[in-house]
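Observations on the model geometry
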Amino acid sequence: DAKTTQPPSMDCAEGRAANLPCNHSTISGNEYVYWYRQIHSQGPQYIIHGLKNNETNEMASLIITEDRKSSTLILPHATLRDTAVYYCIVRSYNNNDMRFGAGTRLTVKP
Amino acid sequence: EPEVTQTPSHQVTQMGQEVILRCVPISNHLYFYWYRQILGQKVEFLVSFYNNEISEKSEIFDDQFSVERPDGSNFTLKIRSTKLEDSAMYFCASSFTGTSNYNEQFFGPGTRLTVL
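Described below are features of the structure shown in this document. (Residues numbered from 1 in each chain as written. Chains lettered and ligands numbered in written order. Predicted model: local features only at pLDDT ≥ 70, side-chain atom pairs only at ≥ 80, totals over all residues. Heavy atoms only, no water.)

We now examine the interface of chain A and chain B. At the interface, 21 residues of chain A touch 25 residues of chain B. Here chain A meets chain B over a buried area of about 1900 Å², counting both sides, of which 51% is carbon and sulfur. Inspection of the region where chain A meets chain B yields 1 salt bridge. The salt bridge partner of Arg99(A) is Glu56(B), with a shortest N-O separation of 3.8 Å. At the boundary of chain A and chain B, one finds 3 residue pairs in polar contact (both at pLDDT 80 or more). Elements represented by at least two residues in the side of chain A that touches chain B include exactly β3 (31–38), β4 (45–50) and β8 (84–92) of chain A. If one sorts the elements of the side of chain A that touches chain B by residue count, β3(A) sits on top with 4 residues. (Contact = heavy atoms within 4.5 Å. Buried area = accessible area lost by both parts, 1.4 Å probe. Salt bridge = Lys/Arg side-chain N within 4 Å of Asp/Glu carboxyl O. Polar contact = N/O pair within 3.5 Å; in protein donor to acceptor, adjacent residues only side chain to side chain. Helix = DSSP H or I, 4+ residues; strand = E, 2+ residues; numbered from the N terminus.)

Here is the structure:
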């Protein structure tokens, strides 16, 4: 699976959009980009995933660049409850495990 | 909303003892997983399970570990002879599909294992 690079930490003001970047420059054609988050010591929570098109659901939007070498997770109106570690994972179609990195620790501030 | 449940929430054991961690996956899911997270470290994949057999396992999942689906609802992780370094949070996860583009894995709340 392709390696991902994320900033170790980010801050965001409550009510503003949180834009979390992920670099996956070695991604290959059959690899998907998944985003999970982990609030404190809880189990990771699925957020969204995509292959090459932008995706949106009730939690977030995922913007994938045309060359697929990077992506951005957008939380449109961050709340204090969105404070968590966010993981960008690139997963091959042929693998069924998620390989977590260190992620980005997002702190939403009042 | 259906969710993955795990018991116990916290298990304390003596080094060398056997432990069994239990999970009830989401009822219509077909793929089951165990992950662990040592305090302060990243979440690590241990094993995936489908159709009553292991489909993939990591280097961490050695002979001390085993998994079983003893009935139609439970999924267990057994550690035969616990070591101090097995102390971690263990997460169970399940998904409806495996190797496809819809492999959203749903995680349980975890079992904190402390080996003394």
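This part covers the state of the cysteines. The tally for this structure, following the rule as stated, stands at 2 disulfides over all chains. At a sulfur-sulfur separation of 2.1 Å, the disulfide partner of Cys22(A) is Cys88(A). The disulfide joining Cys22(A) to Cys88(A) has a torsion of about -80 degrees about its S-S bond and is therefore left-handed. Taken together, the residues Cys22(A) in strand β2 (residues 18–23) and Cys88(A) in strand β8 connect sequence positions 66 residues apart. Of the two residues, Cys22(A) and Cys88(A), both sit in the buried class. Linked covalently through their sulfurs, Cys23(B) and Cys92(B) form a disulfide whose S-S length is 1.9 Å. Sign of the S-S torsion, about -65 degrees for the bond between Cys23(B) and Cys92(B), identifies this disulfide as left-handed. (Disulfide = S-S within 2.5 Å. Buried < 20%, exposed > 50% of the residue type's maximum accessible area, 1.4 Å probe, protein only.)

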